[in-house]
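Descriptive analysis of the structure
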Number of protein chains: 2
Amino acid sequence: MSRIGVFGGMGPSATVDFMDKLVQLTPATRDQDHLPVIVASLPHIHDRSRSILGTGPDPLPQLLQGIECLNEAQVGVIAIPCNSSHHWYAQMCERSKAPILHIASSCVAAIPEDGAPVVAVFATRGALASGFYQRALADRGIEHIVPEPGRPQELVDNCIREVKAGQVQAASVSLSQAFAAAQAQGATAVIMGCTEIPIAARSADARGLMLLDSSLELARASVNFALERRWNRPGWDS
Amino acid sequence: MSRIGVFGGMGPSATVDFMDKLVQLTPATRDQDHLPVIVASLPHIHDRSRSILGTGPDPLPQLLQGIECLNEAQVGVIAIPCNSSHHWYAQMCERSKAPILHIASSCVAAIPEDGAPVVAVFATRGALASGFYQRALADRGIEHIVPEPGRPQELVDNCIREVKAGQVQAASVSLSQAFAAAQAQGATAVIMGCTEIPIAARSADARGLMLLDSSLELARASVNFALERRWNRPGWDS
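Residues numbered from 1 in each chain as written. Chains lettered and ligands numbered in written order. Predicted model: local features only at pLDDT ≥ 70, side-chain atom pairs only at ≥ 80, totals over all residues. Heavy atoms only, no water.

1. Digging into the overall build of chain A
Along its length, chain A carries 11 helices and seven strands. Counting only C-alpha atoms and orienting by the principal axes, one finds that chain A spans roughly 55 × 40 × 35 Å. Counting over 238 residues, chain A shows a buried share of 61%. Across chain A, every contact between residues at least 6 apart in sequence was considered, and the portion connecting residues at least 24 apart equals 73%. Total accessible area on chain A stands at roughly 9,100 Å², and carbon and sulfur atoms take up 50% of it. For chain A, the separation between the mean place of its 19 positive charges and that of its 23 negative charges on side chains is 3 Å. (Helix = DSSP H or I, 4+ residues; strand = E, 2+ residues; numbered from the N terminus. Buried < 20%, exposed > 50% of the residue type's maximum accessible area, 1.4 Å probe, protein only. Contact = heavy atoms within 4.5 Å. Areas by Shrake-Rupley, 256 points an atom, 1.4 Å probe, with all protein chains shown as cover. Lys, Arg positive; Asp, Glu negative; His and termini not counted. Charge placed at Lys NZ, Arg CZ, Asp CG, Glu CD.)

Structure representation (structure tokens):
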């Protein structure tokens with residue numbers, strides 16, 4: 001059971017980025033220092049955001065298949081580098097023997113106590129409608145805003161869609177504009193609450209905003225979970 | 001069975017690089033256009049090269065566990081982005097219901113017919129001792145050399161070890177020097193026959209040598225295998 005399970009493919013580039021973060025966050029000088037990981041990258045799952053908004057089919061049966069696949073592969077914990085799918089977090093947990101780390105809990109926990117930031121949540125319209133980020137921020141008493149539903153949220157939508165289409169440069173331009181709009185709206189920090197956004201952020205202009213990377217924080221929580229249990233030290237002699 | 005199986009973790013960064021190549025090679029404008037992939041990243045497997053050279057324990061039982069894990073996850077083909085492990089290719093094929101693509105066959109098949117290149121094989125000392133690249137090149141009648149076992153091969157060894165330790169910049173320096181040595185030895189092309197090497201090659205000086213990337217060619221063979229079978233078009237309505 002000493003393996004991290006990654007339920008990915010939502011989208012595939014975000015899954016690669018998440019796996020890279022797992023590798024980078026693990027202290028290692030050779031292969032055998034690293035953590036065992038099983039990845040189910042299942043990109044055909046129905047669009048999560050559209051389903052939440054009532055304009056697309058329900059992905060829950062497919063999400064449960066992915067959870068079962070990872071449990072059958074004997075994983076000891078599951079990370080899902082897709083924010084919108086956490087709308088169905090409770091149902092996935094109910095089906096899983098392995099605990100599932102919550103991406104929004106990991107990300108919101110990483111916001112520093114001091115400085116009283118005003119946090120803008122960048123996410124799909126579905127994730128914003130679901131409201132799990134807003135609830136996690138309210139639970140910590142952190143002031144937060146979401147992009148206005150017209151042009152500002154459209155810029156976030158474009159950024160996400162462009163990364164999924166492999167147009168990372170265009171996505172960075174969209175994201176830079178979305179950062180500017182959030183700053184104009186009073187934000188001092190931005191939660192990148194969709195795992196495509198950090199890929200665009202690599203070459204975007206963040207204008208001095210504090211950035212919180214949901215994918216990075218989930219990777220950190222996953223690595224910490226595994227290192228605490230010494231999954232990097234198997235029974236095998238090395 | 002419409003899933004690509006990736007047996008990875010040898011090493012973990014090379015697996016991330018390979019997954020990135022699968023994503024980049026797949027024609028897609030949205031998540032649902034991509035290919036389903038199951039990855040078993042099992043980094044604790046004993047050092048393949050040391051075992052072939054008789055200085056370390058046998059990884060075969062662990063390799064067979066990985067193959068079984070992927071077969072249990074119902075994959076329809078297996079790719080192993082680790083060259084040295086192909087020393088045990090026949091035994092892994094015998095244990096697997098799913099066909100296993102051979103990384104060296106994929107890579108050598110990508111060498112263009114014309115130009116009569118002199119190909120240097122950069123790989124671990126174990127993979128060179130195993131000889132599967134030399135045999136695949138001889139089968140195609142392609143002239144080939146291996147680095148001299150002193151300083152030239154040491155540069156390749158250093159490059160591989162440095163990537164595994166996360167020291168990519170140092171690895172690029174080692175690799176640039178290895179390219180220069182291969183050119184001095186008469187090479188006009190280099191097979192990057194260890195999946196760590198392409199990571200170092202991103203910022204190395206290849207001195208006009210034709211580079212053949214074993215990881216890229218295996219990814220291309222995997223994507224082609226899956227697209228021919230329309231694994232990007234599942235039964236699910238989208």
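2. Observations regarding the packing of helix 8 (residues 151–164) of chain A against helix 9 (residues 168–184) of chain A
Residues and elements named next belong to chain A. Taken N-terminus to C-terminus, the directions of helix 8 and helix 9 make an angle of 155°; their axes are 8 Å apart at the nearest point. Classified by the angle between their axes, helix 8 and helix 9 sit roughly antiparallel to one another. As helix 8 runs across helix 9, the sense of the crossing is left-handed. Counting all contacts with helix 8, which are made through Arg 151, Pro 152, Leu 155, Val 156, Asn 158, Cys 159, Glu 162 and Val 163, the residues of helix 9 involved are Val 168, Ala 170, Ala 171, Ser 174, Leu 175, Gln 177, Ala 178 and Ala 181. (Axes fitted to C-alpha atoms, helices over the stretch in contact; angles between N-to-C directions. Parallel < 35°, antiparallel > 145°, perpendicular 65-115°, else oblique. Left-handed = near helix turned anticlockwise from the far one by under 90°.)

3. Topic: the layout of surface pockets
In this structure, the largest pocket spans a volume of roughly 700 Å³. In this structure, the largest pocket is lined by 38 residues; those nearest its centre are Val 16, Asp 20 and Arg 202 of chain A together with Val 16 and Asp 20 of chain B. When residues of the lining of the largest pocket are traced back to their parent elements, those giving at least two are helix 1 (12–25) and helix 8 of chain A together with helix 1 (12–25) and helix 8 (151–164) of chain B. If you tally residues by element for the lining of the largest pocket, the top one is helix 1 of chain A, at eight residues. (1 Å grid on protein atoms, 1.4 Å probe; cavity = no way out; pocket = protein on both sides within 12 Å on 5 of 7 lines; lining within 4 Å. Points joined across faces, edges and corners; volume = space filled by probe spheres on them.)

4. So, the interface of chain B and chain A
When the parts of a complex come together, some accessible area is lost, and that lost area is often used as the size of the interface. If you look at the interface, chain B gives 42 residues, while chain A gives 43 residues. Interface area, chain B with chain A, both sides summed: about 3,600 Å², of which 58% is carbon and sulfur. For the interface between chain B and chain A, the tally reads four salt bridges. Notably, a salt bridge pairs Lys 164 of chain B with Asp 31 of chain A, separated by 2.7 Å at the nearest N-O pair. The interface formed by chain B and chain A includes 15 residue pairs in polar contact (both at pLDDT 80 or more). (Buried area = accessible area lost by both parts, 1.4 Å probe. Salt bridge = Lys/Arg side-chain N within 4 Å of Asp/Glu carboxyl O. Polar contact = N/O pair within 3.5 Å; in protein donor to acceptor, adjacent residues only side chain to side chain.)

5. Section: the pattern of salt bridges
Tallying each qualifying case throughout the model produces 26 salt bridges over all chains. Linked through salt bridges whose partners overlap, the residues forming this network are Asp 17, Lys 21, Arg 202 and Asp 213 of chain A.

6. Comments concerning the sheet that holds strand 3 (residues 77–79) of chain A
Pairing is mixed across the open sheet formed by six strands, whose spatial order is 3(A)-1(A)-2(A)-2(B)-1(B)-3(B). Of all strands in the sheet, those with a lone pairing partner are strand 3 of chain A together with strand 3 (77–79) of chain B, marking the two edges. Averaged over neighbouring strand pairs, the angle between their axes works out to 20° when direction is ignored. Relative to strand 2 (residues 37–41) of chain B, strand 1 (residues 4–8) of chain B runs parallel, the two being bridged by five bridges. Following the sheet pairing, Gly 5 of chain B is matched in strand 2 of chain B by Ile 38 of chain B. (Pairing = 2+ DSSP bridges.)

7. Here we look at the packing of aromatic side chains
Tallied over the entire structure, the rule returns six aromatic pairs over all chains. Between the aromatic rings of Phe 225 of chain A and Trp 231 of chain A, the centroid separation amounts to 5.8 Å while the plane-to-plane angle is 65°, which identifies the pairing as edge-to-face. Judged by relative accessible area, which is 9%, Trp 231 of chain A ranks as buried. With a centroid separation of 5.6 Å and 40° between ring planes, the pair formed by Phe 132 of chain B and Tyr 133 of chain B is classed as tilted. Each of the two residues, Phe 132 of chain B as well as Tyr 133 of chain B, counts as buried. In this structure, Arg 229 of chain B is placed above the aromatic ring of Phe 225 of chain B, and the distance from its NZ or CZ to the ring centre is 3.5 Å. (Phe/Tyr/Trp six-rings, centres within 6.5 Å; stacked < 30°, edge-to-face > 60°. Lys NZ or Arg CZ within 6 Å of the ring centre and 35° of its normal.)

8. Some thoughts on unusual backbone geometry
Residue and element names in this part refer to chain A. Of the consecutive residues Met 10 and Gly 11, the connecting peptide bond is found in the cis state with omega at -5°. We note that Gln 74 has phi near 65°; this positive angle belongs to a residue other than glycine. As for its position among the elements, Gln 74 is in the loop between helix 3 (60–72) and strand 3. Judged by relative accessible area, which is 44%, Gln 74 ranks as partly exposed.

9. Topic: the side chain of Thr 124 of chain B
All names here are of chain B. If you trace the backbone, Thr 124 turns up in the loop between strand 4 (119–122) and helix 6 (125–130). Since its relative accessible area comes to 12%, Thr 124 is described here as buried. A polar side-chain atom of Thr 124 sits 2.9 Å from the main-chain amide nitrogen of Ala 127.

10. With respect to the packing of helix 1 of chain B against helix 11 (residues 214–228) of chain B
Between two packed helices, the angle of one axis relative to the other and the distance separating the axes together describe the packing. Residue and element names in this part refer to chain B. It is the contact of helix 1 with helix 11, at a shortest axis distance of 9 Å, that shows an interaxial angle of 45°. Considering their axes alone, helix 1 and helix 11 lie oblique with respect to each other. Along this stretch, helix 1 crosses helix 11, giving a crossing that reads as right-handed. Between helix 1 and helix 11, the residues in contact are Asp 17, Phe 18, Lys 21, Leu 22 and Leu 25 and Ser 215, Leu 216, Leu 218, Ala 219, Arg 220, Ser 222 and Val 223, respectively. Grouping the amino acids of the contact of helix 1 with helix 11 by side-chain chemistry returns seven nonpolar, two polar and three charged. (Nonpolar A, V, L, I, M, F, W, Y, C, P; charged D, E, K, R; others polar.)

11. Description of the relation of the copies chain B and chain A
Overlay of chain B on chain A (RMSD 0.0 Å): rotation 180°, translation along the axis 0.0 Å. Put plainly, the chains are arranged around a two-fold axis. In terms of proximity to the rotation axis, the leading residue of chain B is Val 39 of chain B, whose C-alpha is 2.4 Å off the axis. Interface residue correspondence from chain B to chain A reaches 100%, placing this contact among same-surface, isologous pairings. (Least-squares fit on C-alpha atoms with pLDDT ≥ 70 in both.)

12. Description of helix 7 (residues 132–139) of chain B
Residue and element names in this part refer to chain B. Listed as buried for helix 7 are Phe 132, Tyr 133, Gln 134, Ala 136 and Leu 137. Against helix 5 (103–109), strand 4, helix 6, strand 5 (144–145), strand 6 (189–192) and helix 11 lie the buried residues of helix 7. Immediately beyond the C-terminal end of helix 7, within one or two residues, lies Gly 141, with a positive phi of roughly 70°.

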